[in-house]
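Letter by letter, the chains look like this.
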Amino acid sequence: GAEVSREQQSMILQIIERYGRLTRTELASTLCELLDWTRPNGKLKTVECRQFLEQLEHMGLLQLPKKQRRSPRQTKTIAVACLTLIILFANNGIMGIL
């Protein structure tokens, strides 16, 4: 895998702290979008990112939300709104406001 910079580490911790109500998968997808962690085919590396976050949690470096079981049809309107805001802020270079 690629090396994670201090700036990226800071962003990861900030996103998890502020949006801890999202699921682990939602957090991983958000981070992949913000950090441009994609496969050659353009798809997000969500599974790899979630596993990376779980390793960091195991090492005691962060705390993730508890694992949840949900049906694929279940949606969270608030999560979509949060993800949209995160991406909009990040794309406009104002991560410090989050």
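Everything below is about the structure printed above this text.
Within each chain, residues carry numbers counting from 1 in the order of the written sequence. In keeping with the predicted nature of the model, local features appear solely for residues at pLDDT of at least 70, side-chain atom pairs appear and are counted solely at 80 or more, and the whole-chain, interface and lining totals rest on all residues. The side-chain quantities take in all heavy atoms of the structure and omit both hydrogens and water.

Some points on the packing of aromatic side chains
- Only Phe, Tyr and Trp rings are paired, with Trp represented by its six-membered ring, and only when their centres lie within 6.5 Å; those with planes under 30 degrees apart are stacked, over 60 edge-to-face, the remainder tilted. Counted under the stated rule, the structure contains one aromatic pair.
- With a centroid separation of 6.3 Å and an interplanar angle of 80 degrees, the aromatic rings of Trp-37 and Phe-52 are classed as edge-to-face. In this pair, Trp-37 is assigned in the loop between helix H2 (24–35) and helix H3 (46–58) and Phe-52 in helix H3, connecting sequence segments 15 residues apart.
- Buried means the residue's accessible area, taken with a 1.4 Å probe over protein chains only, is under 20% of the maximum for its type, while exposed means over 50%, and partly exposed covers the values in between. On the accessibility criterion, Trp-37 (18% relative accessible area) is buried.
- Since its relative accessible area comes to 25%, Phe-52 is described here as partly exposed. Runs of E in the DSSP output that reach at least two residues are strands. Runs of H or I that reach at least four are helices, and both are numbered from the N terminus.

Thoughts on the packing of H2 against H3
- Lines are fitted to the C-alpha atoms to define the axes, a helix being fitted only along its stretch in contact, and any angle between axes, read from their N-to-C directions, falls within 0 to 180 degrees. Put simply, H2 and H3 touch, their axes get as near as 8 Å, and they point 110 degrees apart. With respect to each other, H2 and H3 are oriented roughly perpendicular. The way H2 lies across H3 gives a crossing that is right-handed. Mapping the contact onto sequence places Arg-24, Thr-25, Ala-28, Ser-29, Leu-31 and Cys-32 in H2 and Thr-46, Cys-49, Arg-50, Leu-53, Glu-54 and Glu-57 in H3. Throughout this description, any angle smaller than 35 degrees is read as roughly parallel, any larger than 145 degrees as roughly antiparallel, any in the 65 to 115 degree range as roughly perpendicular, and the remainder as oblique. Crossing chirality is assigned from the near helix's rotation relative to the far helix, an anticlockwise turn below a right angle marking it left-handed and a clockwise turn marking it right-handed. When checking whether two residues touch, look at their non-hydrogen atoms; a contact exists if any pair is within 4.5 Å.

Thoughts on the pattern of salt bridges
- Salt-bridge detection follows one rule: a side-chain nitrogen of Lys or Arg within 4 Å of a carboxyl oxygen of Asp or Glu. Taken as a whole and judged by the stated rule, the model has four salt bridges.
- Here Arg-24 and Glu-57 are joined by a salt bridge, their closest N and O atoms 3.1 Å apart. Within this pair, whereas Arg-24 is found in helix H2, its partner Glu-57 is found in helix H3, the two being separated by 33 residues in sequence.
- The class for Arg-24 is buried, based on a relative accessible area of 11%.

Digging into the packing of helix H1 (residues 6–18) against H2
- For the pair H1 and H2, the least separation of the axes is 11 Å and the interaxial angle reads 145 degrees. Relative to H2, the crossing made by H1 is right-handed. Residues Gln-8, Met-11, Ile-12, Ile-15 and Ile-16 of H1 form the contact with H2, whose participating residues are Leu-27, Thr-30, Leu-31, Leu-34 and Leu-35.
- In the scheme used here, Gly and all other residues not listed as nonpolar or charged are polar, with Ala, Val, Leu, Ile, Met, Phe, Trp, Tyr, Cys and Pro taken as nonpolar and Asp, Glu, Lys and Arg as charged. Taken together, the residues that form the contact of H1 with H2 break down as eight nonpolar, two polar and no charged.

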